[in-house]
Amino acid sequence: MTPLTAALLLSSRALWEQAHACIQNLPVRIVLEQNDPGSPDELLDRLERHRVDVVLLEVSRLALPLEELVRRIKDTSSQPAVFVLHPEASSRHILEALRAGAAEFLYPPLIEPLREAFERLSAARAKSANPSFGALGRVFGFISAKGGSGATTFAAHVAAGVSRQVQAQTLLADFDFDAGLLRFIMKAKTSYSVRDALENMHRMDSSYWKALVSSLPNRLDVIPAPEELAAKRSPGTQEITPLLRFIRSVYPISIVDFGRHVSPTALDSLPEIDTLYLVTTLELETLDHARDCIRAATERGFPSSRLKVLLNRLPEKGAPDPKGIENFLGTPADAVFTSDYMSLYDAWSEGRLLDANTKLGRELNALSSSVIARVRGERPAEREEQKSAPGRTPGGIKRLFSFLQKS
């Protein structure tokens, strides 16, 4: 079952308790909850901001006729399904709900029927999702196993490569609330940050968003992490999901830099992440951190097929032992990248990104192409470096991974 976001507009305590009992065992996140629908305009504005997948609506105490309210709810930009709930199986209310265009009419006991309704909705939304740039956007996250492993470098170059190749509006977002280096690396001119977006989701729209981001060549938008110490606090779960849902509605492809190691922000973002790239080097301590990252993501229910391990700073005269890495981490490495300190040093010192004609530049450009292929539903091309790696592993690296497998 794919994750869903829900709004609960329930005044009955019994309906509320049964709905919560059902949802707590499902990948359904409640992003809006109120026991009185209140003003229709205010309600619709909140639904528009939160971009929910489904609205659970109790038919009593509505300020508008049910048919009009359901129509206006379904006309919001996320086009949510409406589940009408009632304390009893009233034939009159069932007919009203069906005529109004509700997807479901449910009454107690709710837990099993509501679970089945969520599963039907999830399956229908997954089936209708179109893996093209016109569909709801895809988010790709980069995270370092340990500080300095290279996630920020990867995120910056991949975002630039994607925007250059597809010529479609692309976002690079800095969700690293500790270091937050993308403002400096990308020379973002905006004085605003992710924190400003989080605190203003109640009035977020495309024009307000445009004022927050820094627009760079090749249709690349950048929203940096906050600089002020007081603004660096990590957002809560209820903050990060609406922001990512909004981002997905605006951009076909978004690249998010989560910075160093696992953070609450990275873990809370997982339901909205299409693929998480874990960047690690071959140092034993870093690999141990990488294993912790994989375990933390798996415990949150993130599918292992959507977590890709990238080995960074591979020595020029060596290749890793793929079997040793897989045994140690519990998952194979998806790609390897060469060490190119001098090219990176020259690029950073001159205030620019890495040249595409360097070896590492070509490898990062290939990673950008694989991200685009995933969005288009194509199988990413296998890298030549990966094909030649097995069988030519130097003895030192073999001995290292022989040790790792025993640890």
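Residues numbered from 1 in each chain as written. Predicted model: local features only at pLDDT ≥ 70, side-chain atom pairs only at ≥ 80, totals over all residues. Heavy atoms only, no water.

A. Structural context of the side chain of Asp 257. Topologically, Asp 257 is positioned in strand E10 (residues 253-260). Here Asp 257 sits buried without a salt bridge, and the closest side chain of opposite charge, Arg 260, lies 9.1 Å off (N-O distance). For Asp 257, the side chain forms a polar contact with the main-chain nitrogen of Gly 259, separated by 2.9 Å. (Helix = DSSP H or I, 4+ residues; strand = E, 2+ residues; numbered from the N terminus. Buried < 20%, exposed > 50% of the residue type's maximum accessible area, 1.4 Å probe, protein only. Lys, Arg positive; Asp, Glu negative; His and termini not counted. Salt bridge = Lys/Arg side-chain N within 4 Å of Asp/Glu carboxyl O. Polar contact = N/O pair within 3.5 Å; in protein donor to acceptor, adjacent residues only side chain to side chain.)

B. How the structure looks around unusual backbone geometry. Following Pro 108, the chain continues into Pro 109 via a peptide bond in cis, with omega recorded as -5 degrees. In this fold, Pro 109 is placed in the loop between strand E5 (104-106) and helix H5 (111-128). Non-glycine residue Asn 218 carries a positive phi angle of around 60 degrees. Taking the relative accessible area as the measure of exposure, Asn 218 reaches 36% and is therefore partly exposed. With a phi close to 60 degrees, Arg 313 is a non-glycine residue in the positive phi region. Along the polypeptide, Arg 313 turns up in strand E12 (residues 307-314).

C. The sheet that holds strand E4 (residues 81-85), seen in detail. A sheet is described by the order of its strands in space; here five strands give the open sequence E2-E1-E3-E4-E5, paired in parallel fashion. The sheet is open, and its two edges are formed by strand E2 (28-34) and E5, each paired on a single side. Strand after strand, the sheet turns through a mean of 20 degrees between neighbouring axes, direction not considered. Judged from the three bridges that link them, E4 and E5 form a sheet pairing that is parallel. (Pairing = 2+ DSSP bridges. Axes fitted to C-alpha atoms, helices over the stretch in contact; angles between N-to-C directions.)

D. Main features of the sheet that holds strand E13 (residues 333-338). Spatial ordering of the open sheet is given by E8-E9-E7-E10-E6-E11-E12-E13, a layout of eight strands whose pairing is mixed. Two strands bound the open sheet, and with one partner strand each, they are strand E8 (214-216) and E13. On average, each strand axis in the sheet is inclined to that of its neighbour by 20 degrees, with strand direction left out of account. Most of the contacts of helix H12 (residues 284-299) go to strand E11 (residues 275-280), to which it runs at about 165 degrees, and overall it touches strand E6 (138-144), E11 and E12. With respect to the sheet, helix H15 (residues 359-375) is in contact with E6, E10, E11, E12 and E13, its orientation differing from that of E13 by roughly 150 degrees. (Contact = heavy atoms within 4.5 Å.)

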